[in-house]
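# Tertiary structure, described
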Number of protein chains: 2
Amino acid sequence: MQSINSQYPSLLLERAVNEISRLPGIGTKTALRLALHLLRRSEGEVDALAQSLTDLRHGVRYCKCCHNICDADLCPICSSNGRDRGMVCVVENVRDVMAVESTMQFKGLYHVLGGIISPMDGVGPGDIEIASLVDRVAQGGIREVILALSPTMEGDATSFYIYRKLQDTGVSITAIARGVAQNDELQYTDEATLGRAIVGRLPFAK
Amino acid sequence: MQSINSQYPSLLLERAVNEISRLPGIGTKTALRLALHLLRRSEGEVDALAQSLTDLRHGVRYCKCCHNICDADLCPICSSNGRDRGMVCVVENVRDVMAVESTMQFKGLYHVLGGIISPMDGVGPGDIEIASLVDRVAQGGIREVILALSPTMEGDATSFYIYRKLQDTGVSITAIARGVAQNDELQYTDEATLGRAIVGRLPFAK
């Protein structure tokens, strides 16, 4: 039995709160709220939640082609017949795949880096899937690589590194457009974005 | 294998996100962020989290005396020798026990109602631990019952219901003081609180 001085009346509760509060963005108070909520749910529901977490961690695989999260050797996108295999969109992670997919504007394949070059965080080019991208391009069949990394310092550095690695392969290398966001008001747009949008102006269409 | 039209590249990921997003206050985007975070943690860490949740749900017990969450027949407070067994503080839930305990101003026992009378939510007096409180008082040995429910409509209704049930037992019934909160500025205190603090003024002490 735990000490009377423990903040929690139950060791089981204390352990669950400690484990839950290790999740990012969840503090002790939220963890306690969630733990007490679980006590009001049925045993089956709590078991289903716990099982889904262990199943995810133990069962998840990574696509041999694009390194996206999947359940088989190849992800649903790489194994689809309806995609343009000549275009590869390079993204940082699975969330970015989902973001690009939700636009329904891209019908090619992806390459998930699984991170971004960030010396501050100790992430170098060898820690993310750049070599496999170079291999993939070298195998032929790809005519365009679209760099779709976040327009941050780390994203730009990673894009530039990949560009240097691929510039002599003859493949077309493009990057997603930068400019004023849809429905943004110009007076509230930051100077860097607006300046870049002016320099990168395009012939007026429609 | 799931449909290519699924938003998620992996069924396991989709299932984990669905389960996590059933928690209160956690939407799909946060659930996805948490699931992807778990993929970066070791299998042992994820297993420990999942196990702590099932252990909590299956193993938790409720104190036979005060109905607080605990790991044994009696909670650490009820089984302690250092508490004043003549005083019982009535609270809504385990979080309120922890809140009162953290003040270190109360050395009696608790009675956890496990809810509050709320006709809007379909919670009546029979759904919470009021009958067991009346039994506990009837068994004797208690000289004071302190009502420490939230000063809301439901809390006040529950306090009044308990008062009616106990008023003829001869036990002293008190309620936690209401007034201006410590370090609050008077000009920002709401009228109801300030009005009640004036009506309930006390002889100046120290």
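In this report, we go over the structure that sits alongside the text. Starting from 1, residues in each chain are numbered consecutively following that chain's sequence as written. Lettering of chains starts at A and numbering of ligands starts at 1, both following the order in which they are written. Totals for whole chains, interfaces and linings use all residues, but because this is a predicted model, local features are given only for residues with pLDDT of at least 70 and pairs of side-chain atoms are given and counted only at 80 or more. The side-chain values count all of the structure's non-hydrogen atoms but skip hydrogen atoms and water molecules.

### Details of the interface of chain A and chain B
Listed by partner, the interface residues are 56 residues for chain A and 56 residues for chain B. When two parts are brought into contact, each loses some accessible area as probed by a 1.4 Å sphere; the total of that loss over both is the buried area. When chain A packs against chain B, the two sides together hide about 5,700 Å² of surface, and 69% of this comes from carbon and sulfur. Three residues stand out in chain A for area buried against chain B, namely L39(A), L56(A) and R57(A), and they jointly supply 12% of the buried area on that side. Salt bridge criterion: a side-chain nitrogen from Lys or Arg within 4 Å of a carboxyl oxygen from Asp or Glu. Our count for the chain A to chain B interface comes out at four salt bridges. Contacts were defined at the residue level, with two residues in contact if any of their heavy atoms lie within 4.5 Å.

### Considerations on helix α1 (residues 11–20) of chain B
Within the sequence span of α1(B), burial applies to L13(B), A16(B), V17(B), E19(B) and I20(B). Within α1(B), the buried residues cover an arc of 165° as seen down the axis, which keeps them to one side. Secondary structure is summarised from DSSP: a helix means a run of H or I of at least four residues, a strand means a run of E of at least two, and numbering begins at the N terminus for each. Each element contacted by the buried residues of α1(B) is listed here: α3 (43–59) and β2 (69–70) of chain A together with α2 (28–40) of chain B. N or O atoms within 3.5 Å of each other form a polar contact, as long as, within protein, one can give a hydrogen and the other can take it, and as long as residues adjacent in sequence are counted only when both atoms are side-chain atoms. In this structure S10(B) caps α1(B), since a side-chain oxygen of it lies 3.2 Å from the backbone nitrogen of L12(B). Partly exposed describes any residue whose relative accessible area lies between the buried limit of under 20% and the exposed limit of over 50%, with all areas from a 1.4 Å probe on protein chains only and scaled to the type maximum. By construction, the arc corresponds to the directions joining the helix axis to the C-beta atoms.

### A word on the packing of helix α5 (residues 131–138) of chain B against helix α6 (residues 153–166) of chain B
Two quantities define a packed helix pair, namely the angle between the axes and the distance from one axis to the other. Residues and elements named next belong to chain B. Axis lines are fitted to C-alpha atoms, over the contacting stretch for helices. Their N-to-C directions set the angle, which ranges from 0 to 180 degrees. Across the interface, α5 lies against α6 with an axial gap of 10 Å and an inter-helix angle of 35°. At the point where α5 passes α6, the crossing takes the right-handed sense. Contacts between α5 and α6 involve L133, V134 and V137 from the first element and I162, K165 and L166 from the second. Rotating anticlockwise by less than a right angle from the far helix to the near helix defines a left-handed crossing, while the corresponding clockwise rotation defines a right-handed one.

### Observations regarding the sheet that holds strand β5 (residues 144–147) of chain A
All names here are of chain A. Strands were regarded as paired on the criterion that DSSP finds at least two bridges between them. Read across the open sheet, the four strands follow the order β4-β3-β5-β6; overall the sheet is parallel. Lying at the two open borders of the sheet, with one neighbouring strand each, are β4 (108–112) and β6 (172–175). When strand polarity is set aside, the average angle formed by the axes of neighbouring strands in this sheet is 25°. Contacts from helix α6 (residues 153–166) reach β3 (84–91), β5 and β6, with the element oriented near 165° to β5.

### Some details on the side chain of S132(A)
Residues and elements named next belong to chain A. As for its position among the elements, S132 is in helix α5 (residues 131–138). Among the polar contacts made by the side chain of S132, one reaches the side chain of H67 at a distance of 3.2 Å. For S132, the residues in contact, after removing those within four places along its chain, are H67 and H111.

### Here's the deal with the packing of helix α1 (residues 11–20) of chain A against helix α3 (residues 43–59) of chain B
Two elements in contact, α1(A) and α3(B), have axes whose closest approach is 9 Å; the angle formed by their N-to-C orientations is 145°. Along this stretch, α1(A) crosses α3(B), giving a crossing that reads as left-handed. Mapping the contact onto sequence places L12(A), L13(A), R15(A), A16(A), E19(A) and I20(A) in α1(A) and E45(B), A48(B), L49(B), S52(B), L53(B), D55(B), L56(B) and G59(B) in α3(B). Polarity classes work like this: nonpolar for Ala, Val, Leu, Ile, Met, Phe, Trp, Tyr, Cys and Pro, charged for Asp, Glu, Lys and Arg, and polar for all others, with Gly in that last group. For the contact of α1(A) with α3(B), a count of residues per class yields eight nonpolar, two polar and four charged.

### Overview of the pairing of strand β3 (residues 84–91) of chain B
Counting buried positions over the eight residues of β3(B) gives six, a clear majority of the element. Handedness of a crossover: with both strands directed away from the viewer, a clockwise path from the first strand across the helix to the second marks it as right-handed. For the segment spanning β3(B), helix α4 (residues 94–103) of chain B and strand β4 (residues 108–112) of chain B, crossover handedness is right-handed.

### With respect to unusual backbone geometry
Negative phi is the rule for most residues except glycine; trans is the rule for most peptide bonds. Of note in this structure, N183(A) is not a glycine but carries a positive phi near 70°. Relative to the assigned elements, N183(A) resides in the loop between β6 and α7 (191–199). For N183(A), a relative accessible area of 75% puts it in the exposed group. The residue H67(B) is not glycine, and still its phi comes out positive at about 70°. With a relative accessible area of 19%, H67(B) lands in the buried category.

### Considerations on the nonpolar core
Generally speaking, soluble globular proteins have nonpolar side chains that are buried together. Counting 45 residues, the largest nonpolar core has L13(A), I20(A), L13(B) and I20(B) as its most contacted members. Secondary structure elements with two or more residues in this core: α1, α2 (28–40), α3 and α4 (94–103) of chain A together with α1, α2, α3 and α4 of chain B. The contacts of L13(B), once residues within four sequence positions are left out, are L56(A), I69(A), Y8(B), L32(B), A35(B) and L36(B). Among buried residues, those of type Ala, Val, Leu, Ile, Met, Phe, Trp, Tyr and Cys that are joined through side-chain atoms within 4.5 Å constitute a nonpolar core. Counting 17 residues, the second largest nonpolar core, distinct from the first, contains C63(A), C66(A), C78(A) and V97(A).

### Some remarks on the relation of the copies chain A and chain B
A least-squares fit on C-alpha atoms brings the copies together, and the residues used are those whose pLDDT is at least 70 in both copies. It takes a turn of 180° to lay chain A on chain B, together with a shift of 0.0 Å along the axis; the resulting RMSD is 0.1 Å. The operation mapping one copy onto its partner corresponds to a two-fold rotation axis. For chain A, the minimum C-alpha distance to the rotation axis belongs to A50(A) and amounts to 2.2 Å. When you check the interface residues of chain A against chain B, 100% turn up at the interface there too, and the contact is symmetric in its surfaces.

### Comments concerning empty space enclosed by the protein
Sizing a probe to match a water molecule and rolling it over the atoms shows the empty space that remains. We place a 1 Å grid over just the protein atoms. Points where a 1.4 Å probe fits but has no way out form a cavity, open points with protein on both sides within 12 Å along at least 5 of 7 lines form a pocket, and any residue with an atom within 4 Å of a point lines it. Grid points are joined across faces, edges and corners, and a volume is the space filled by probe spheres set on the points. A full pass over the atoms with the stated rule returns one cavity of 30 Å³ or more. A volume near 140 Å³ is recorded for the largest cavity. Lining the largest cavity we find 13 residues, and of these L23(A), L49(A), L53(A), L23(B) and L53(B) sit closest to its centre. Secondary structure elements with two or more residues in the lining of the largest cavity: α2 and α3 of chain A together with α2 and α3 of chain B. Each residue belonging to the lining of the largest cavity can be placed in one class, and the counts come to 13 nonpolar, no polar and no charged.

### Thoughts on the state of the cysteines
Formally, a disulfide is one covalent bond, and it connects the sulfur atom of one cysteine to the sulfur atom of another. Disulfides are defined as pairs of cysteine sulfur atoms found within 2.5 Å of each other. For the coordinates displayed, the defined rule picks out zero disulfides over all chains. Unpaired in terms of disulfides, C63(B) finds its nearest cysteine sulfur in C78(B), a separation of 3.7 Å.

That's the geometry; what it means functionally is another story.
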